[in-house]
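Here is what each chain is made of, one letter per residue.
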Amino acid sequence: MQYRLYAPKAIDSIINLPASKSISNRALVINALSGSKETPENLSDCDDTDVMVTALREMPYEINIKAAGTAMRFTTALLSVTEGEEHIITGTDRMKHRPIEVLVNALRNLGADIEYAEEEGFPPLKIRGKKLAGGLLEIPGNVSSQYISALLMIGPRLTNGLTLRLTGDIISRPYIEMTICTMQEFGADVEWTDGSTIRVNAGGYKERAFIIENDWSASSYWYEMAALMNAAGNNAEIALSGLMDGSRQGDSDIRYMFSVLGVKTAFATRKKLVPTNVSLTARKCTLPRFDFDFINQPDLAQTLVVCTALMGIPFRFSGLQTLRIKETDRIAALKKEMKKLGYVLDDSEEGVLSWDGTRCEPDAEPAIDTYEDHRMAMAFAPAAILFPGLIINNPEVVSKSYPKFWEDLEKAGWEVKAK
């Protein structure tokens, strides 16, 4: 399937954003560990959360997590402490090539019974759940925060709790903080004891009602639209619903990133941790260059790469080392697809993607490949503001995190034509 996109001359719309996938998946695991039979409210309706809901509800012998990396890592840890259960956990072909050895080794060090069903170091996994003692565990701080979160969440169920020591640099710290905050809301005794050590005391979780907030990551594509509409000389007034000031989501920093690109954020109410409408208005941007370290917000990189280049602003974005092992190699994908639009990016430094203003001849009719990656589709869609008729290949991939993205574009006045 392909979509051909045409942007409106102006945007004046209220968009109801999806619930946070990151919080939904954490809340589902913790809720299951608490023994609750109630489901958290306002769960994300995306693919990644749907596979978690199905797995936890049905608990089949073979659990197919499909392309959901978060679900693969979280469920692996959960199954390890689910006593008396035996399961195979598998996924798509791409999932079978995404490494999981760091998490498996950490769980084995805690006593978990896990075998590789096929290739060493990769899913599928065979897991026999049992009671684990816990104790002290060291893990590199520069691995995926999902490994760290998976281990933390089972901590209250371990006989001796868990002391997790993170060595070296710690990346994606806001996602770790999100996990800790969610655990605490369910009654877990967990805290940082110093800058690199987290202590989780045994004692389990308490059952409670829990409401998921909406997704700041999903807002990033609307910030991008506001900035590019302004750059094209068009008006954009966009309101996004259900976002919180003081959110536990690290990607809420998108409002600060886009403030330097001329997009102003205004909350309808300034009460902390109260869902409200956020209004976006754009003004002229005079930023000569944009340098930023995405070590804490790697999922926002694709949006900023596309937007900043299309605004003609040279950039150097660092902290991108984890982008190589996401749904696709996002650095390679960005280089290839941006070249179709006439922008030559450089990735000669490890974990860095930059653009110095070098241009090339764009494709006569650019068609953006999405590589089974939802964020490639959504980050490039706003580029149609400057490239009318831009084609997005395999647009259905947005179901992984934002199933109604294309519907919301149409609601905002976009033409989305199937090819």
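Reading guide: rules and limits
Throughout, a residue's number is its position along its own chain's written sequence, starting from 1. The predicted nature of this model means local features are confined to residues of pLDDT at least 70 and side-chain atom pairs, given and counted, to a pLDDT of 80 or more, with totals for whole chains, interfaces and linings taken over all residues. Think of the side-chain values as coming from all heavy atoms in the structure, minus any hydrogens and water. In this scheme, strands are said to pair when DSSP sees at least two bridges between them. A run of H or I in DSSP counts as a helix once it spans at least four residues, and a run of E counts as a strand once it spans at least two, with each numbered from the N terminus. Fitted lines through C-alpha atoms serve as axes, helices being fitted only where they are in contact, and the angles separating the N-to-C directions of these axes extend from 0 to 180 degrees. Every residue pair with non-hydrogen atoms within 4.5 Å of one another is taken to be in contact. Throughout this description, buried means an accessible area under 20% of the type-specific maximum (1.4 Å probe, protein chains only), exposed means over 50%, and partly exposed covers the range between. Any carboxyl oxygen of Asp or Glu that lies within 4 Å of a side-chain nitrogen of Lys or Arg is treated as forming a salt bridge with it.

**Details of the sheet that holds strand β5 (residues 113–116)**
Hydrogen bonds between backbone atoms are what pair the strands of a sheet, whose relative direction is either parallel or antiparallel.
Part 1 of the reasoning: One open sheet accounts for 4 strands, arranged β3-β4-β6-β5; its pairing is mixed. What marks the edges here is a single partner per strand, and that holds for β3 (62–64) and β5. Between one strand axis and the next, the sheet turns by 25° as a mean value, whatever way the strands run.
Part 2 of the reasoning: As paired elements, β3 and strand β4 (residues 86–90) share 3 bridges and run parallel to each other. Considered in β4, the bridge of E62 is made with I88.
Part 3 of the reasoning: Packed on one face of the sheet, helix α3 (residues 69–80) meets β3, β4, β5 and β6 (125–128) and runs near 170° to β4.

**As for the environment of G413**
Part 1 of the reasoning: Structurally, G413 can be placed in the loop between α12 (405–411) and β19 (415–418).
Part 2 of the reasoning: You can call G413 partly exposed: its relative accessible area is 41%.
Part 3 of the reasoning: In the structure, G413 is positioned 404 residues away from K9 in sequence and 8.6 Å away in space, judged by C-alpha atoms.

**Observations regarding the sheet that holds strand β11 (residues 235–243)**
Part 1 of the reasoning: Taking strand neighbours across the sheet as the criterion, the 4 strands line up as β2-β11-β13-β12 in an open arrangement whose pairing is mixed. A strand with exactly one partner marks an edge of an open sheet, and here the two such strands are β2 (10–16) and β12 (263–267). Between one strand and the next, the sheet's axes are offset by a mean angle of 15°, whatever the strand orientation.
Part 2 of the reasoning: Bridge count between β2 and β11: 7 bridges; the pairing is parallel. Looking at the pairing, I15 lines up with L240 of β11.
Part 3 of the reasoning: Each of β2, β11, β12 and β13 (276–282) is contacted by helix α7 (residues 216–231), which is oriented at about 170° to β11, the strand it contacts most.

**Details of the pattern of salt bridges**
Part 1 of the reasoning: For the structure on display, the rule yields 25 salt bridges.
Part 2 of the reasoning: A salt bridge links D299 to R375; its shortest N-O distance comes to 3.8 Å. Separated by 76 residues along the polypeptide, D299 in the loop between β14 (290–293) and α9 (301–310) and R375 in helix α11 (residues 374–380) bring together distant segments of the chain.
Part 3 of the reasoning: Looking at R375, the relative accessible area reads 6%, which means it is buried.
Part 4 of the reasoning: Across the salt bridge formed by R324 and D347, the nearest N and O atoms sit 3.0 Å from each other. In this pair, R324 sits in the loop between β15 (315–318) and α10 (330–340) while D347 sits in the loop between α10 and β16 (353–355), placing the two residues 23 residues apart along the sequence.
Part 5 of the reasoning: Given a relative accessible area of 21%, D347 falls into the partly exposed group.
Part 6 of the reasoning: Three or more residues are tied together by salt bridges with common partners; here these are E86, D113, E115, K126 and R128.

**Quick look at unusual backbone geometry**
Part 1 of the reasoning: In this structure, P124 follows P123 across a cis peptide bond, with omega equal to 5°.
Part 2 of the reasoning: In this structure, P124 sits in the loop between β5 and β6.
Part 3 of the reasoning: In this model, M59 sits at a positive phi of 45°, which is unusual for a non-glycine residue.
Part 4 of the reasoning: Mapped onto the secondary structure, M59 falls in the loop between α2 (47–58) and β3.
Part 5 of the reasoning: Using a relative accessible area of 24% as the deciding quantity, one classes M59 as partly exposed.
Part 6 of the reasoning: Of note in the backbone geometry, Y371 takes a positive phi value of approximately 60° without being a glycine.

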